[in-house]
Amino acid sequence: MQDIEQMRWAILIGTLAMLMMAFFVIAFVLFYQKRRFAEEKKLSEIEKNHGRLLLDTALHSEENERRRIAQDLHDDIGTMLSLTKLSLNQLNKAMTDRDEKEELFMKKAQSLVEETILHVRRITRELVPTTLERFGLTEAIYEFIHKLAEGNTLSISFQPGTEELPRVGQKIELAVYRIMQELVNNAIKHANCTKIDVILEMNNQFIGLQVADNGIGFDPVTIKEQHLTGLGLLGIESRLAILHGTVQYSKSGNGGSTAKILIPIDTEILSGKPEPLHPFRRERVNI
Amino acid sequence: MLDKYLLFFTHDILANSTVIVTLLPIFIIIYRKAYVDPTFRLLLIYLIIKLVLDVMMFHFATFRINNLMLYNISVVVRYTLLSGMFLYKFENPLLKKIIIPLSIAFIIFSSWDIWISNPNIAHINEHRIVKYATTLEALLMILWTLIYFYELIRSLKIPSLLTFPFFWVCSGLLVYYSSLIFISPALNYSMRWETMFAIGYLDRVLYMFDIIIMLLFSLGTWVFSARFYARH
Ligand SMILES: Nc1ncnc2c1ncn2[C@@H]1O[C@H](COP(=O)(O)OP(=O)(O)O)[C@@H](O)[C@H]1O
Ligand SMILES: [Mg+2]
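Residues numbered from 1 in each chain as written. Chains lettered and ligands numbered in written order. Predicted model: local features only at pLDDT ≥ 70, side-chain atom pairs only at ≥ 80, totals over all residues. Heavy atoms only, no water.

Visitor: Tell me what's going on with the packing of aromatic side chains, and back it up with residues and numbers.
Guide: Residues and elements named next belong to chain B. Under the definition given, this model contains 20 aromatic pairs over all chains. Judged by centre distance (6.5 Å) and plane angle (45°), the rings of Phe90 and Tyr148 are tilted. Of this pair, Phe90 sits in the loop between α5 (68-89) and α6 (93-117) while Tyr148 sits in helix α7 (residues 133-155), placing them 58 residues apart in sequence. Both residues of the pair, Phe90 and Tyr148, belong to the buried class. Between the NZ or CZ atom of Arg32 and the centre of the ring of Trp222, over which it lies, the distance is 4.1 Å. (Phe/Tyr/Trp six-rings, centres within 6.5 Å; stacked < 30°, edge-to-face > 60°. Helix = DSSP H or I, 4+ residues; strand = E, 2+ residues; numbered from the N terminus. Buried < 20%, exposed > 50% of the residue type's maximum accessible area, 1.4 Å probe, protein only. Lys NZ or Arg CZ within 6 Å of the ring centre and 35° of its normal.)

So, in structure tokens, the structure goes:
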């Protein structure tokens, strides 16, 4: 009898130990899984931020490179061209007796140099949007559109929402400007449209850009699926990703497409170190 | 007749309510359509067979017929079907491969166990519970659940275990077999016509965990539906 009682106790204690083990295992799995997930989430957050940083740097160095090229073009080629023009003028004066043929070559050389100077000026200005830096988004967009509308049957309208748009950070301004450039270029290149409307809106939290055309329209989803996305749409997305912005494409009523951009004006991003944006105030980079 | 059943039922309510509790997960699986998942389909099949066997055992017990043969059969069915659930859940291909051969081996082993535990197999009143098969079953099932938990932690696929149905099923299995592993070897000696070893209050533990595992199965099925419908 005594033995059986002891045996029962042994079995009971063994069972209790097993049950404790079971509960411990279950609790451990629950908590461990939870912690691992929290860690994983943190890690992916860090990775995402890191990706954003990389993208930011890449775009940043792209802008810097453009600026460098513009400076070199302006300072080296531009100066040399001016000197060439001067020499040609002097030569023109020095050559007193010449026949008609020589006269013609002279004129041709002069006008070629003149034209090249104009081209270089245009290219440098396109590489670095100086108007944007000096006078802000509204002026820069006006200028861009004005130049495009010249000698084009296309009508492009621009509505800056409020009279006086406040200046926001250069990073955001530049992003909005480049995105606007790409969207308008796309409309001209792909949409077959006759009219483009650009609308800029801003309050103290968001900056909104809308580019609408009356062309053939497109579906961004099918374009993405068929891998037709060029650098343009991708560039827009990466610029927006850095600034936490969003883009939304839709079909407008008259058949064309409308792109709506929304970028939060985040003081944190703006407080990033401001880049000196004066292309022609030269700081020599010694390599 | 009915009053005989009723009398037998009330004479040990805890033991006999294990029969009724089985209905709960069955109903929830059907009601929430959890059987679309092959794992839960297998669970449903097991629960229905268990219910049938339990009712038969209850009937035999009421009329004082030895029902331990049915118990032995239920052990074999229980292991085969419950371990079969892991066939759909394991990710390791090797583990997937050994589950079915092990089930077959287990069936052979338990048949042998029934044979040696019952020297007088033709005599129904002399039937006894298997000696080793339940212990082996418990060991294997605990092993499977622990391996599954390990895979679960390693793969990090399920964000919230509390709403993951099979987690509850596994927890039920782990708790149930943990309670069974030491008590079951004693059953062979206690459940005899001339009892050699009365396990006394220990059988309460068995009945309690019989109910607890059914409740955990029900809980798992309940969250299954919530998750299933949330995704569609
Ligand atoms: N405004 C638009 N109207 C019609 N199709 C467009 C428009 N904008 C973009 N697309 C389509 O999206 C594609 C991807 O554009 P984008 O990424 O800018 O590349 P790219 O301009 O270099 O071809 C284009 O090839 C064009 O088919
Ligand atoms: Mg483009």
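Visitor: An account of the pairing of strand β2 (residues 195-202) of chain A is needed here, citing residue identities and associated values.
Guide: Residue and element names in this part refer to chain A. Residue alternation in β2 divides its side chains into a buried set, Ile196, Val198, Leu200 and Met202, and an unburied set, Lys195, Asp197, Ile199 and Glu201. Where strand β1 (residues 155-160) and β2 come together, 6 bridges link them in parallel fashion. Following the sheet pairing, Pro160 is matched in β2 by Leu200. Relative to strand β3 (residues 206-213), β2 is paired through 7 bridges, and the arrangement is antiparallel. Bridge pairing in β3 places Asp197 opposite Ala212. The hairpin turn running from β2 into β3, its antiparallel successor, is 3 residues long. (Pairing = 2+ DSSP bridges.)

Visitor: Report on the coordination of the magnesium ion (ligand 2), specifying residues and quantitative values.
Guide: Residues and elements named next belong to chain A. The protein atoms that coordinate the magnesium ion (ligand 2) are Glu182 (OE) and Asn186 (OD1), at distances of 2.1 Å. Here Glu182 pairs with Asn186, and both are found in helix α5 (residues 170-191), just 4 residues apart, close to one helical turn. Given a relative accessible area of 14%, Asn186 falls into the buried group. (Donors = N, O, S within 2.8 Å, 3.2 Å for Na, K, Ca; no water.)

Visitor: Describe the environment of Leu174(B), naming the residues involved and giving the relevant values.
Guide: With respect to the helices and strands, the residue Leu174(B) is situated in helix α8 (residues 165-190). When the C-alpha positions of Leu174(B) and Leu146(B) are compared, they lie 8.1 Å apart, and in sequence the two are 28 residues distant. The residues contacting Leu174(B), other than those within four sequence positions of it, are Ala22(A), Val25(A), Ile26(A), Ile142(B), Thr145(B), Leu146(B) and Phe149(B). (Contact = heavy atoms within 4.5 Å.)

Visitor: Describe the pattern of salt bridges, and please don't skip the residues or the numbers.
Guide: Where charged atoms from two side chains of opposite charge come close, those side chains can pair. Residue and element names in this part refer to chain A. Scanning the model with the defined rule gives 21 salt bridges over all chains in all. A salt bridge links Glu114 to Lys85; its shortest N-O distance comes to 3.3 Å. One end of the pair, Glu114, is in helix α2 (residues 100-127); the other, Lys85, is in helix α1 (residues 2-94), and 29 residues separate them in sequence. Taken together, the salt bridges that share partners define one network made up of Glu63, Arg178 and Arg239. (Salt bridge = Lys/Arg side-chain N within 4 Å of Asp/Glu carboxyl O.)

Visitor: Describe the site of ligand 1, and please don't skip the residues or the numbers.
Guide: Residue and element names in this part refer to chain A. Lining the immediate surroundings of ligand 1 are 16 residues, of which Glu182, Asn186, His190, Gly230 and Leu233 lie closest. Interatomic distance of 2.8 Å between a side-chain N/O atom of Glu182 and an oxygen atom of ligand 1. Separating an oxygen atom of ligand 1 from a side-chain N or O atom of His190 is a distance of 2.8 Å. Isolated, ligand 1 exposes 540 Å² of accessible area, and the fraction of that covered by the protein chains is 81%. Sorting the residues of the shell around ligand 1 by element identifies α5 and α7 (231-242) as the ones contributing at least two each. (Near = heavy atom within 4 Å. Polar contact = N/O pair within 3.5 Å; in protein donor to acceptor, adjacent residues only side chain to side chain. Areas by Shrake-Rupley, 256 points an atom, 1.4 Å probe, with all protein chains shown as cover.)

Visitor: Break down the interface of chain A and chain B for me, citing the residues and quoting the values.
Guide: Between chain A and chain B, the contact holds 24 residues from the first and 31 residues from the second. Summed over both sides, the interface of chain A with chain B buries roughly 2400 Å², with 81% coming from carbon and sulfur. The three residues of chain A that bury the most area against chain B are Arg8(A), Ile11(A) and Gln33(A), which together make up 24% of that side's buried surface. If you look at where chain A meets chain B, you find 1 residue pair in polar contact (both at pLDDT 80 or more). For the side of chain A that touches chain B, a count of residues per class yields 17 nonpolar, 3 polar and 4 charged. (Buried area = accessible area lost by both parts, 1.4 Å probe. Nonpolar A, V, L, I, M, F, W, Y, C, P; charged D, E, K, R; others polar.)

Visitor: Account for the packing of α1(A) against α8(B), naming residues and giving values.
Guide: Between α1(A) and α8(B), the least distance of the axes is 9 Å, while the angle of their chain directions is 165°. Between α1(A) and α8(B), the interaxial angle falls into the category roughly antiparallel. Crossing of α1(A) over α8(B) shows right-handed handedness. Along its contact with α1(A), which presents Ile11(A), Gly14(A), Thr15(A), Met18(A), Leu19(A), Met21(A), Ala22(A), Phe23(A), Val25(A), Ile26(A), Val29(A) and Leu30(A), the element α8(B) presents Phe167(B), Ser171(B), Leu174(B), Val175(B), Ser178(B), Ser179(B), Ile181(B), Phe182(B), Ile183(B) and Ala186(B). (Axes fitted to C-alpha atoms, helices over the stretch in contact; angles between N-to-C directions. Parallel < 35°, antiparallel > 145°, perpendicular 65-115°, else oblique. Left-handed = near helix turned anticlockwise from the far one by under 90°.)

Visitor: Summarise the side chain of Asn67(B); cite the residues concerned and give the values.
Guide: Along the polypeptide, Asn67(B) turns up in the loop between α4 (38-62) and α5. Apart from residues lying up to four places away in sequence, Asn67(B) is in contact with Met57(B), Phe60(B) and Ala61(B).

Interpretation in functional terms is not warranted from these geometric data alone.
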